[in-house]
Amino acid sequence: MARHDVPQLNQHLRAAVLCPLLAQNAVQKAELTLALSLDLPIDTMAIVSDPGGIPGRPAKPELVAHTSLKSKPLTSPEGRALLLHAIAHIELNAIDLALDVVWRFAGMPEDFYRDWVRIAKEEAKHFLLIQQHLLGMGFDYGHFPAHNSLWEMAERTRGDIVARIGLVPRTMEARGLDASPGVKNKLISAGDHAAGRIMDIILEEEIGHVAAGNRWY
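Rules used throughout
- Residues numbered from 1 in each chain as written.
- Predicted model: local features only at pLDDT ≥ 70, side-chain atom pairs only at ≥ 80, totals over all residues.
- Heavy atoms only, no water.
- Helix = DSSP H or I, 4+ residues; strand = E, 2+ residues; numbered from the N terminus.
- Buried < 20%, exposed > 50% of the residue type's maximum accessible area, 1.4 Å probe, protein only.
- Contact = heavy atoms within 4.5 Å.
- Areas by Shrake-Rupley, 256 points an atom, 1.4 Å probe, with all protein chains shown as cover.
- Axes fitted to C-alpha atoms, helices over the stretch in contact; angles between N-to-C directions.
- Parallel < 35°, antiparallel > 145°, perpendicular 65-115°, else oblique.
- Left-handed = near helix turned anticlockwise from the far one by under 90°.
- Nonpolar A, V, L, I, M, F, W, Y, C, P; charged D, E, K, R; others polar.
- Core = buried A, V, L, I, M, F, W, Y, C linked by side-chain atoms within 4.5 Å.

**Points about the overall build of the chain**
- Broken down by element type, the chain carries eight helices and zero strands.
- Reading the chain from its N terminus to its C terminus gives the helix and strand order α-α-α-α-α-α-α-α.
- Counting only residues that meet the buried cut, the chain has 49% of its 217 residues in that class.
- Of the contacts made within the chain by residues no fewer than 6 positions apart, 81% connect residues no fewer than 24 positions apart.
- Put simply, the chain shows about 10200 Å² of open surface, and 56% of that area lies on carbon and sulfur atoms.

**Quick word on the packing of helix H4 (residues 77–104) against helix H6 (residues 149–156)**
- Across the interface, H4 lies against H6 with an axial gap of 9 Å and an inter-helix angle of 15°. As summarised for this structure, H4 and H6 are arranged roughly parallel, according to the angle between their axes. At the point where H4 passes H6, the crossing takes the right-handed sense. Residues Ile90, Asn93, Asp96, Leu97 and Asp100 of H4 lie in contact with H6, whose contacting residues are Leu150, Trp151 and Ala154.
- Taken together, the residues of the contact of H4 with H6 sort by class into five nonpolar, one polar and two charged.

**Things to note about the packing of helix H3 (residues 26–35) against helix H5 (residues 110–136)**
- Where H3 meets H5, the closest approach of the two axes is 8 Å, and the angle between their N-to-C directions is 140°. In this view, H3 runs oblique relative to H5, as classed from their interaxial angle. Regarding H3 and H5, the two cross each other, and that crossing is left-handed. Facing Ala26, Val27, Ala30, Glu31, Thr33, Leu34 and Ala35 of H3, the residues of H5 in contact are Ala120, Lys121, Ala124, Lys125, Phe127, Leu128 and Gln131.
- When grouped by side-chain class, the residues that make up the contact of H3 with H5 number nine nonpolar, two polar and three charged.

**Comments concerning the nonpolar core**
- In terms of nonpolar packing, the biggest core is built from 54 residues, with Trp116, Phe127 and Ile130 touching the most fellow members.
- Elements that contribute at least two residues to this core include exactly helix H1 (13–16), helix H2 (18–22), H3, H4, H5, H6, helix H7 (161–189) and helix H8 (193–216).
- If you tally residues by element for this core, the top one is H4, at 13 residues.

**Thoughts on the environment of Lys186**
- Its location among the elements puts Lys186 in helix H7.
- For the pair Lys186 and Thr75, spaced 111 residues apart in the sequence, the C-alpha separation amounts to 9.7 Å.

See below:
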């Protein structure tokens, strides 16, 4: 049995999140996240051992320096796909960032862990919406290079929950909120109304993610 296929039976929620966190297939990661049960018991004080290999990552996309990534005009299908691929990559990292908080940091209230699993589930939904849209355009997640800056932020804050909550939801996701309306308008102006509707869903739910960050900070 592959390590990311470990069943949730007799697990507490903070250990169960390792299943999707370690999954290397991006779609499977999202689906395993959506399958997490919020009814699992929560051992708030457990010290969950680091199994190594966090986060699981697919062979593609190739991870490169963010300065080497190029955009193309949104008037072309490839230009729109590049933009949507970048958003999908952000959402995939957001799944891992939310799940990582759950297993890594002990001693928080039960509602803290449930909040971050709910957030991970919403990020998983966002990723799958964009990935399915990319498929309909003739592309897929992994088709273009991406960068690893988001997870590098997680590495820098792995020992400090206050820094993690301050930098991820209160800074990174807040900046995403500021940018989302402009991204949506560009996609709609280029004729991609379906992508615009997806951005509406993302924008509405990301507001709650920033609010959770503010609440727990």
